[in-house]
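In case you want the letters, here they are:
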Amino acid sequence: MLEPKRVPYGFSTEDVRTMFTRYSDAGQIPADSDIEAMIADIKPWYDNYCFSKECLDSDVRVFNCDMVLYYLRNYMDYGHAPEQMIDPNTKTDYNKMKRLLQLDKLDGNRKGIIRKITEEGSIVTNLYETFPASDIVKPEFFPSLLFYYGMLTIKDSFGDMLVLGIPNNNVRRQYYGYLQEQYQDINHINLNDFGYMMNFMFMYQK
């Protein structure tokens, strides 16, 4: 009996290269576009997702499909990369996360988990693959929800547990954005001044 083929939930580097080349050959992006430079441009922003523990021993990592298409659409419409590398539509999952964080008033320490991930880049946790809808609000499932929202990816294993970490700059910016809002609300500091520190932290992490 044949084993089912594992299909990654994203674009491989070769998928992206083939797609960009095809659109270039069809004249839908500038013919002089440097495909390899485009791939290098998006790699730190959209790449580095790993959805299976079995893939840790290989170099198999995938791009976020929606973000790659967002970048490609901008090239098709305007002939260059987007000024903002983060698609505004990604705020959908960010807002879901913020709503879950509001449950801290009832139980748990989800905000502490966000701070730990932002400061350390990863968290050691169990990954729950299935759970009833009624369990979504339980604090112990929060890291798994971040994983399924695409805000964490598998980085390593730690015994029977997994190390889940920030996959790329796109997601890192969302974590920093949340902390920026929190500091603004708690300390009533100037959001623009704090942005300088966040940008410095972001550049340091790149």
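One can find the structure itself at the top, above this paragraph.
Here is a short report on the structure shown in this document. (Residues numbered from 1 in each chain as written. Predicted model: local features only at pLDDT ≥ 70, side-chain atom pairs only at ≥ 80, totals over all residues. Heavy atoms only, no water.)

With that settled, the discussion passes to the overall build of the protein. Helix and strand counts for the protein stand at eight helices and three strands. From first element to last, N terminus to C terminus, the protein shows the α and β order α-α-α-α-α-β-α-β-β-α-α. Out of the 206 residues belonging to the protein, those deemed buried represent 39%. Across the protein, every contact between residues at least 6 apart in sequence was considered, and the portion connecting residues at least 24 apart equals 57%. Looking at the protein as shown, the accessible area adds up to about 12400 Å², and 51% of this sits on carbon and sulfur atoms. (Helix = DSSP H or I, 4+ residues; strand = E, 2+ residues; numbered from the N terminus. Buried < 20%, exposed > 50% of the residue type's maximum accessible area, 1.4 Å probe, protein only. Contact = heavy atoms within 4.5 Å. Areas by Shrake-Rupley, 256 points an atom, 1.4 Å probe, with all protein chains shown as cover.)

Turning our attention to the sheet that holds strand β3 (residues 161-165). Across the sheet, which stays open at both edges, the three strands sit in the order β1-β3-β2 with antiparallel pairing between neighbours. What marks the edges here is a single partner per strand, and that holds for β1 (122-125) and β2 (153-158). Averaged over all neighbouring strand pairs, the angle between strand axes comes to 30 degrees, with direction disregarded. Strand direction decides the pairing type here: β2 and β3, joined by five bridges, are antiparallel. Looking at the pairing, aspartate 156 lines up with valine 163 of β3. (Pairing = 2+ DSSP bridges. Axes fitted to C-alpha atoms, helices over the stretch in contact; angles between N-to-C directions.)

The next point concerns the nonpolar core. In globular proteins that are soluble, nonpolar side chains generally tend to be buried together. Ranked by internal contacts, the top residues of the largest apolar core, which has 26 residues, are Met97, Ile114, Ile117, Phe142, Leu146, Leu152 and Tyr175. Setting aside anything within four residues of it in sequence, one finds isoleucine 114 in contact with Met97, Leu101, Phe142, Leu146, Tyr175 and Tyr178. By size, the runner-up hydrophobic cluster in this structure holds 19 residues, among which are Ile39, Tyr46, Tyr71 and Tyr75. (Core = buried A, V, L, I, M, F, W, Y, C linked by side-chain atoms within 4.5 Å.)

For the rest of this paragraph, the subject is the packing of aromatic side chains. Here the structure, examined in full by the defined rule, presents seven aromatic pairs. Relative to tyrosine 148, the ring of phenylalanine 147 lies with its centre 5.2 Å away and its plane at 75 degrees, an arrangement referred to as edge-to-face. Three or more aromatic residues link up through ring pairs in this structure, and these residues are Phe20, Tyr46, Tyr71 and Tyr75. (Phe/Tyr/Trp six-rings, centres within 6.5 Å; stacked < 30°, edge-to-face > 60°.)

Unusually for a residue other than glycine, asparagine 48 sits at a positive phi of about 85 degrees. Mapped onto the elements of the fold, asparagine 48 is located in the loop between α2 (35-46) and α3 (65-78). You can call asparagine 48 partly exposed: its relative accessible area is 28%.

Among all positions in helix α5 (residues 110-120), only Arg110, Gly112, Ile113, Ile114, Ile117 and Thr118 are buried. Looking one or two places after α5, you find glycine 121, whose phi comes out positive at around 90 degrees.

Following the criterion strictly, the structure yields five salt bridges and no others. Where arginine 17 meets glutamate 14, a salt bridge forms, and the shortest distance between an N and an O atom there is 2.8 Å. One end of the pair, arginine 17, and the other, glutamate 14, are both in helix α1 (residues 13-25), three residues apart, so they sit about a helical turn from each other. A residue is classified by how much of its surface remains accessible, and arginine 17, at 25% relative accessible area, is partly exposed. By relative accessible area, which is 45% here, glutamate 14 ends up partly exposed. With its nearest N and O atoms 2.8 Å apart, the salt bridge here joins lysine 116 to glutamate 120. Remark: glutamate 120 and lysine 116 occur in helix α5; sequence separation between them is four residues, near one turn of the helix. (Salt bridge = Lys/Arg side-chain N within 4 Å of Asp/Glu carboxyl O.)

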